[in-house]
Amino acid sequence: MGERDVPVSWDFRVAGPADTAAALDAYRQIIDHLAATADFPHWHTENRPSEAEVRGWVDAGQLYLALDPSGEQVAGVVALNHDAPDAYRQAPWAVDAPPEQVLVVHALGVCPAFLRQGVARFLVDAALEVARGEGCRAVRLDTYVENAAARALYPRCGFTDLGVHTLHYEGTDLDQFHLFERVL
């Protein structure tokens, strides 16, 4: 009788100050992996997310970690807050809601050792739970036009692709992004 595949049970929690080094290391692993493979989000060429961004998210209690079942290794990272680029105000969202009722997903990444194990889907599902817990009416995000993996993931998680929009992020020349929304 063969061994049955059992889904991995990830742990999800807010990163505290003691987790800053692990979070920075996780993003470094992701960026290095992307640089060596196909960098669809262009994180390695754009130095995104920056160390200052990661530290700011940790300090604000906005960075979340997916941990392996032992709780010792970071499997994935994501920042969740209500901060959206100005261009989000022009988008044809399904829900007209003030910023405090919209959770915005930033820099969702999976560490290379945990790719293809359901971590990205787990992080998206966990973000939806955070949004529900905060009484949000929608979850929104953007992904660079070349990020085929993300553009495939989010619709599978119930997000609507609103097409390509021009967004301006400081420190990058990239400006064409797909916007996604999940109404809660």
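Everything here concerns the structure above.
What counts as what
- Residues numbered from 1 in each chain as written.
- Predicted model: local features only at pLDDT ≥ 70, side-chain atom pairs only at ≥ 80, totals over all residues.
- Heavy atoms only, no water.
- Axes fitted to C-alpha atoms, helices over the stretch in contact; angles between N-to-C directions.
- Helix = DSSP H or I, 4+ residues; strand = E, 2+ residues; numbered from the N terminus.
- Parallel < 35°, antiparallel > 145°, perpendicular 65-115°, else oblique.
- Left-handed = near helix turned anticlockwise from the far one by under 90°.
- Contact = heavy atoms within 4.5 Å.
- Nonpolar A, V, L, I, M, F, W, Y, C, P; charged D, E, K, R; others polar.
- Salt bridge = Lys/Arg side-chain N within 4 Å of Asp/Glu carboxyl O.
- Buried < 20%, exposed > 50% of the residue type's maximum accessible area, 1.4 Å probe, protein only.
- Polar contact = N/O pair within 3.5 Å; in protein donor to acceptor, adjacent residues only side chain to side chain.
- Phe/Tyr/Trp six-rings, centres within 6.5 Å; stacked < 30°, edge-to-face > 60°.
- Pairing = 2+ DSSP bridges.
- Right-handed = clockwise from strand over helix to strand, strands pointing away.

Novice: Give me the lowdown on the packing of helix α4 (residues 119-133) against helix α5 (residues 148-156), citing residues and values where you can.
Specialist: It is at 11 Å that the axes of α4 and α5 come closest, and there the two elements cross at 50 degrees. The pairing of α4 with α5 is recorded here as oblique in orientation. Note that α4 runs across α5; the crossing there is right-handed. The segment α4 lies against α5, with A120, R121 and V124 engaging L153, Y154 and R156. Across the contact of α4 with α5, the residue classes tally to four nonpolar, no polar and two charged.

Novice: Please set out the pattern of salt bridges residue by residue, giving values where relevant.
Specialist: Enumeration over the complete set of coordinates arrives at eight salt bridges. When the shortest N-O distance is used, the salt bridge between D32 and R28 registers 3.3 Å. Within this pair, D32 and its partner R28 are both found in helix α1 (residues 20-36), separated by four residues, close to a single helical turn. Judged by its relative accessible area of 43%, D32 is partly exposed. On the accessibility criterion, R28 (39% relative accessible area) is partly exposed.

Novice: Before we move on, could you go through the side chain of H178 and cite the residues and values that matter?
Specialist: Within the fold, H178 resides in strand β7 (residues 176-183). Judged by its relative accessible area of 12%, H178 falls in the buried class. At 3.4 Å, the side chain of H178 forms a polar contact with the side chain of R151.

Novice: Tell me what's going on with the packing of aromatic side chains, and back it up with residues and numbers.
Specialist: Counting across every chain of the model gives seven aromatic pairs. Ring centres 5.3 Å apart and planes at 50 degrees place the aromatic pair Y88 and W93 in the tilted group. In this structure, Y88 and W93 share a single accessibility class: buried. With 5.6 Å between their ring centres and 70 degrees between their planes, Y144 and F177 make a pair best called edge-to-face. Here F177 lies in strand β7 and Y144 lies in strand β5 (residues 138-144), a separation of 33 residues in the sequence. Judged by its relative accessible area of 12%, Y144 is buried.

Novice: Describe the pairing of β5, listing the residues and the values that go with them.
Specialist: Most of β5 is tucked away, with seven of its seven residues classed as buried. Note: strand β4 (residues 102-110) against β5, three bridges, orientation parallel. Paired with V104 across the strands is R140, a residue of β5. A crossover links β4 with its parallel partner β5, the connecting element being α4, and its sense is right-handed. Where β5 lies against β7, seven bridges are found, and the strand directions are antiparallel. Along β7, the bridge assignment pairs A138 with V183.

Novice: For the sheet that holds strand β1 (residues 11-14), give the residues involved together with the corresponding values.
Specialist: Reading across from one edge, β1-β2-β3-β4-β5-β7-β6 is the order of the seven strands in this open sheet, with mixed pairing throughout. Both outer strands of the open sheet, β1 and β6 (160-166), are each paired with one neighbouring strand and no more. Ignoring which end each strand starts from, the neighbouring axes of this sheet average 25 degrees apart. Pairing geometry for β6 and β7, over five bridges, is antiparallel. Residue pairing for β7: T160 is matched across the bridge by E181. Packed on one face of the sheet, helix α3 (residues 51-59) meets β2 (63-67), β3 (74-81) and β4 and runs near 90 degrees to β2.

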